[in-house]
Amino acid sequence: VLWCGADNISTDGIYHGKYMYEDLTPERMAAVTMENYDPHFRGLVDQAAGPILVSAANFGTGSSREQAAQCLKYAGIKCVIASSFSATFIRNALNNGLLVLE
């Protein structure tokens, strides 16, 4: 389990806006996942077996960037559990096969 205890983790915290107009491979997207929130996040994911991300309220707030859900999936996150999500993030997660639970 990977704990991200802050409320309002935005799509920019999940997938930095500086990558929005670059055509990144799934491997590169995985490598930059959450770097704007925690630069060591990728290393934590690599150490976890079947990582599940647990967060607080309003996870995925902000822009509607689909890459936020994609990069979590490509990083190997099996599920995101939060007390609440942005409605747009939920839709993007479901569209990309990333399980989200409130």
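Residue positions are given per chain, counting from 1 as you read along its sequence in written order. The predicted nature of this model means local features are confined to residues of pLDDT at least 70 and side-chain atom pairs, given and counted, to a pLDDT of 80 or more, with totals for whole chains, interfaces and linings taken over all residues. Side-chain metrics in this entry use all non-hydrogen atoms of the structure; hydrogen atoms and water are not considered.

(A) Expanded view of the side chain of Ser55. Put simply, DSSP marks the helices as runs of H or I at least four residues long and the strands as runs of E at least two long, and each gets a number from the N terminus on. Along the polypeptide, Ser55 turns up in strand 2 (residues 52-55). Here the side chain of Ser55 touches Cys4 through a polar contact of 2.9 Å, landing on its backbone oxygen. Two residues form a contact once any of their heavy atoms are found within 4.5 Å. With residues up to four places along the chain from it excluded, the contact list for Ser55 reads Trp3, Cys4, Ala6, Ile9, Ile81, Ala82 and Ser83. We define a polar contact as two N or O atoms separated by no more than 3.5 Å, with the added condition that, inside protein, one atom must be a possible hydrogen donor and the other a possible acceptor, whereas residues neighbouring each other in sequence contribute only through side-chain atom pairs.

(B) Representation of the sheet that holds strand 2. Only when DSSP finds a minimum of two bridges between them are two strands counted as paired. With parallel pairing, the 4 strands of this open sheet are ordered in space as 1-2-3-4. Strands with a single pairing partner mark the edges of an open sheet, and in this sheet they are strand 1 (2-4) and strand 4 (99-101). The average angle at which neighbouring strand axes cross in this sheet is 20°, direction not considered. Bridge count between strand 3 (residues 79-81) and strand 4: 3 bridges; the pairing is parallel. Note on strand 4: the bridge partner recorded for Val80 is Val100. To get an axis, fit a line to the C-alpha atoms, keeping to the stretch in contact for a helix; angles then go from 0 to 180 degrees between the N-to-C directions.

(C) Main features of the state of the cysteines. Disulfides are defined as cysteine sulfur pairs within 2.5 Å. For the structure shown, the criterion picks out 0 disulfides. Cys4 takes part in no disulfide bond, and the closest cysteine sulfur, belonging to Cys71, lies 12 Å away.

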